[in-house]
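# Breakdown of the fold
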Amino acid sequence: RIKTAGSSRSRVGEDMAVAMTVADDWSLYKRVRMIDGTQKVDLVRCRLDGSDKKVISAEYFFDFQISGDRVIYNATADNGTLLYSMAIDGADPQQVTDDLVMGFLCEGEWIYYTVDATDYNASQEPTPMIDLFKVKADGSDKSKITTLVGARPVNVSEEWIYCMNSNEGQQELFRIRQDGSGKETLLDHDVWAVNLIGDRLYYYDTPSESATNVYRTILGTLYLMSIDGTGTEAIN
């Protein structure tokens, strides 16, 4: 950890930690280890200074986020991936919905998740379709928002859901209202690593091949803009 001004850098732990987040006085992270040649993944909680470390779930899971006082995570089921919740200390694990989820996002008291709706029995090559739902952590108030064509939600901010759509090999960015209406395309070129901070949206784009700037060709350029798609500015 480090202060925002760059001072007081200190090591919190020595685990291979990914997907770390902070909830109140706790840091939660996905720990990855190799044991006897097999990858093991568990969910660990510790204080912000690294003390009081505890494994709160040894179940193999893919992603996790915080919704209120619950940890939301997806884990493998018999024929897909199911959505679960548990308390911050690992107690009271519960299944949130019977749907087989593709991915999920948490915002406030709501969980937004996607379900594969593609018709694989179509006579022609099927068009990727994704149903977008929202539900509370206890499984109540579930509702379908809309069906997305070849798209996935990446962030939620106030009344908007921000989605990325693969179109002819490009990752476009658009947003829709939380009732599924008012679709607005924000970026129609290749973008990735989209994040929202306040009223600003940060993203990378992938530039074209350039023999004179190999560094940017590989990593892309970081931009920021307003969440309504205006005022684009390159950061590096």
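A short tour of the structure in this document, coming up. (Residues numbered from 1 in each chain as written. Predicted model: local features only at pLDDT ≥ 70, side-chain atom pairs only at ≥ 80, totals over all residues. Heavy atoms only, no water.)

## A closer look at the overall build of the chain
Heads up, the condition is: Here a strand is any run of E in DSSP of at least two residues, a helix any run of H or I of at least four, and the numbering for each starts at the N terminus. Only protein chains enter the accessibility calculation, which uses a 1.4 Å probe; a residue is then buried when its area is under 20% of its type maximum, exposed when over 50%, and partly exposed in between. The contact rule is simple, with two residues in contact once any of their heavy atoms fall within 4.5 Å. All accessible-area figures derive from a Shrake-Rupley calculation using a 1.4 Å probe, and residue coverage is judged against the displayed protein chains alone. His residues and chain termini do not enter the charge count, which takes Lys and Arg as positive and Asp and Glu as negative. The location of each charge is read from NZ of Lys, CZ of Arg, CG of Asp or CD of Glu.
Broken down by element type, the chain carries one helix and 20 strands. With the C-alpha coordinates of the chain rotated into their principal frame, the extents come out at 50 × 45 × 40 Å. Out of the 236 residues in the chain, the part that is buried amounts to 39%. For the chain, restricting intrachain contacts to residue pairs at least 6 apart in sequence, the fraction spanning at least 24 positions comes to 28%. Summing over all exposed atoms, the chain offers an accessible surface of approximately 13,600 Å²; the carbon and sulfur share of this is 46%. Within the chain, the 37 negative side-chain charges are centred at a point lying 7 Å from the centre of the 23 positive side-chain charges.

## Focus on the pattern of salt bridges
What counts here: Salt bridge, as used here: a side-chain nitrogen of Lys or Arg that lies within 4 Å of a carboxyl oxygen of Asp or Glu.
Tallied over the full model, the rule gives 13 salt bridges. Among the ionic pairs, Glu159 bridges to Arg177, the shortest N-O distance being 3.6 Å. One end of the pair, Glu159, is in the loop between strand 13 (151–157) and strand 14 (160–167); the other, Arg177, is in strand 15 (residues 170–177), and 18 residues separate them in sequence. We classify Arg177 as partly exposed; its relative accessible area is 33%. Here Glu184 makes a salt bridge to Arg175, at a shortest N to O gap of 3.1 Å.

## Considering the nonpolar core
Rule in force here: Throughout, nonpolar core names a set of buried Ala, Val, Leu, Ile, Met, Phe, Trp, Tyr and Cys residues whose side chains join them through atoms within 4.5 Å.
Counting 16 residues, the largest nonpolar core has Leu28, Leu43, Phe61, Phe64, Val71, Tyr73 and Met86 as its most contacted members. Listed by contribution, the elements that provide at least two residues to this core are strand 2 (26–35), strand 3 (38–47), strand 5 (61–67), strand 6 (70–76) and strand 7 (81–87). Apart from the residues within four sequence positions on either side, Phe64 is in contact with Ala19, Thr21, Leu28, Tyr29, Lys30, Leu43, Val71, Ile72, Tyr73 and Phe104. Listed in part, the 14 residues of the second largest apolar core include Tyr162, Met164, Leu186 and Val194.

## Topic: a nonpolar patch on the surface
Stated formally: Patches here are clusters of residues that have more than 30% relative accessible area and form no salt bridge, with a 9 Å joining cutoff for like charges and a 5 Å cutoff for nonpolar side chains (Val, Leu, Ile, Met, Phe, Trp, Tyr).
A cluster of nonpolar side chains, namely Met20, Val22 and Leu48, defines an oily patch on the protein surface of about 270 Å² accessible area. Assignment of secondary structure puts Met20 in strand 1 (residues 17–23).

## A look at the side chain of Lys30
For clarity, the cut-off: Within 3.5 Å is the distance limit for a polar contact, defined as a pair of N or O atoms, with the added protein rule that one can donate a hydrogen and the other accept it, and that residues adjacent in sequence qualify only through two side-chain atoms.
Structurally, Lys30 is set in strand 2. Within the structure, Lys30 has its side chain in polar contact with the backbone oxygen of Phe62 (distance 2.6 Å). In this structure, Lys30 is in contact with Met16, Ala17, Val18, Ala19, Val41, Asp42, Leu43, Phe61, Phe62 and Phe64, ignoring residues within four places of it in sequence.

## Regarding the packing of aromatic side chains
In plain terms, the rule: Stacked, edge-to-face and tilted are the three classes for Phe, Tyr and Trp ring pairs, Trp counted by its six-membered ring, which pair at centre distances within 6.5 Å; planes under 30 degrees apart are stacked, over 60 edge-to-face, the rest tilted.
Tallying each qualifying case throughout the model produces six aromatic pairs. On the basis of an interplanar angle of 75 degrees and a centroid distance of 6.2 Å, the ring pair of Phe61 and Phe64 is categorised as edge-to-face. Note on accessibility: Phe61 and Phe64 belong to one class, buried. Members of the aromatic cluster, each reached through a chain of ring pairs, are Phe61, Phe64, Tyr73 and Tyr84.

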